[in-house]
Amino acid sequence: FQAAFTLLLGPFTFFNVQKTKYLQIMTSLMRWIAFILMIILALIRIGRGQAEGHPSMAQLSGIRNLFGVCVYSFMCQHSLPSLITPISKKKHVNKLVLLDYILILAFYSLLSFTAIYCFPNNTLMDMYTLNFTNCEIISVAFIRYFLGLFPVFTISTNFPIIAVTLRNNWKTLFHREGGTYPWVVDRIVFPAITLIPPVLVAFCIHDLESLVGITGAYAGNGIQYLIPAFLAYCSRKDTQLVFGSGTVNKHLSPFRHTFWIVFVLIWGFSCFVFVTANIVLSESKL
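Residues numbered from 1 in each chain as written. Predicted model: local features only at pLDDT ≥ 70, side-chain atom pairs only at ≥ 80, totals over all residues. Heavy atoms only, no water.

Colleague: Got a minute to help me understand helix H6 (residues 141–173) in this structure?
Modeller: Since the α-helix packs 3.6 residues into each turn, any two residues three or four apart lie on the same face. Here H6 is 33 residues long and its end C-alpha atoms lie 47 Å apart, about the 48 Å a rise of 1.5 Å per residue gives. Taking the largest bend as the criterion, H6 deviates by roughly 45°, centred on Leu149, and proline Pro151 comes between one and four positions later. (Helix = DSSP H or I, 4+ residues; strand = E, 2+ residues; numbered from the N terminus. Expected span 1.5 Å × (residues − 1). Bend = angle between axes of the 7 residues up to and from the residue.)

Shown next, in the form of structure tokens:
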């Protein structure tokens, strides 16, 4: 199955993916359907008194994986430009973005809480949709197959877009001023270094929980905290140079003080230390 996935979707890395409007609409629609189905099915099971989940108040051992999950939840922010750019009058843009995040938080919370109370902790699968492939949960075969294959559908649509974006980022990172890349480097090397690492990781690692925890704890820490803080700081400095220090931006954030940038950097470093200590302690116990 992995070979089929690589052979079918891997070649897209070597080309450009354009006009993805309808592809993105289809993916979003499938996500809405899958989210609502899982929430409703879990609520029905809880309402019938068949809930088996008895979650504890807290588990410190899950902190490492919590950061991994947080960074994937944070990915909703990467859709902000596509939300804000088409808006011609940005007077109420802050309220619209706030409403958008409240909706995202509500869905994540509802999905999470229905999951932990519906299914026992020891049987709750890392890929949550697989919990609904059991005939005892839902008798309709179409829904079972749809939820079971849902991750395949979303990854199949997102993988080419993300791969092409990463490939272009590689080109930008190694860009030479006034120079061009040889054909082999441009069309073979950059796509290959984009495609091969994820394929090897998927082939060698089967523990999804550990993979999400480690990548989220380290790479995610930079993506979620460090890089945005530095981007905010540098963009503010650049804005002052371009427009002058006396220019007032009417869309200023409530967190515009430099203190918040320093706070995020300290928080990111603290998370890095905490997660590393947690991993070391967990491994030493094993």
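Colleague: So what exactly am I meant to see when it comes to the pattern of salt bridges here?
Modeller: Note on pairing: side chains with opposite charge can pair once their charged atoms come close. Here the structure, examined in full by the defined rule, presents two salt bridges. Notably, a salt bridge pairs Asp186 with Lys171, separated by 3.0 Å at the nearest N-O pair. Separated by 15 residues along the polypeptide, Asp186 in helix H7 (residues 183–204) and Lys171 in helix H6 bring together distant segments of the chain. Its relative accessible area of 22% is what places Asp186 among the partly exposed residues. (Salt bridge = Lys/Arg side-chain N within 4 Å of Asp/Glu carboxyl O. Buried < 20%, exposed > 50% of the residue type's maximum accessible area, 1.4 Å probe, protein only.)

Colleague: Would you explain the UniProt feature "transmembrane region" (unreviewed entry) in the protein in this entry?
Modeller: Listed under "transmembrane region" (unreviewed entry) in the UniProt record, and renumbered for this structure, are residues 29–46, 66–84, 96–117, 137–166 and 259–281. The span residues 137–166 is 87% helical and 0% strand by assignment, and the distance between its end C-alpha atoms comes to 39 Å. Between the C-alpha atoms that bound residues 259–281 the distance is 33 Å, and the span itself is 100% helix and 0% strand. (UniProt positions renumbered as here; feature names shortened; annotations may be inferred.)

Colleague: What should I look at first to understand the environment of Ile193 in this one?
Modeller: With respect to the helices and strands, the residue Ile193 is situated in helix H7. Note: C-alpha distance between Ile193 and Arg167 (26 residues apart in sequence) is 8.1 Å.

Colleague: Hey, could you run me through a nonpolar patch on the surface in this one?
Modeller: A contiguous nonpolar surface patch, about 440 Å² in accessible area, is contributed by Trp32, Ile36, Ile40, Ile44 and Leu103. Ranked by residues supplied to the nonpolar patch, first place goes to helix H2 (residues 21–47) with four residues. Positionally, Leu103 belongs in helix H5 (residues 93–118). (Patch = residues over 30% accessible without salt bridge, like charges linked within 9 Å, V, L, I, M, F, W, Y side chains within 5 Å. Areas by Shrake-Rupley, 256 points an atom, 1.4 Å probe, with all protein chains shown as cover.)

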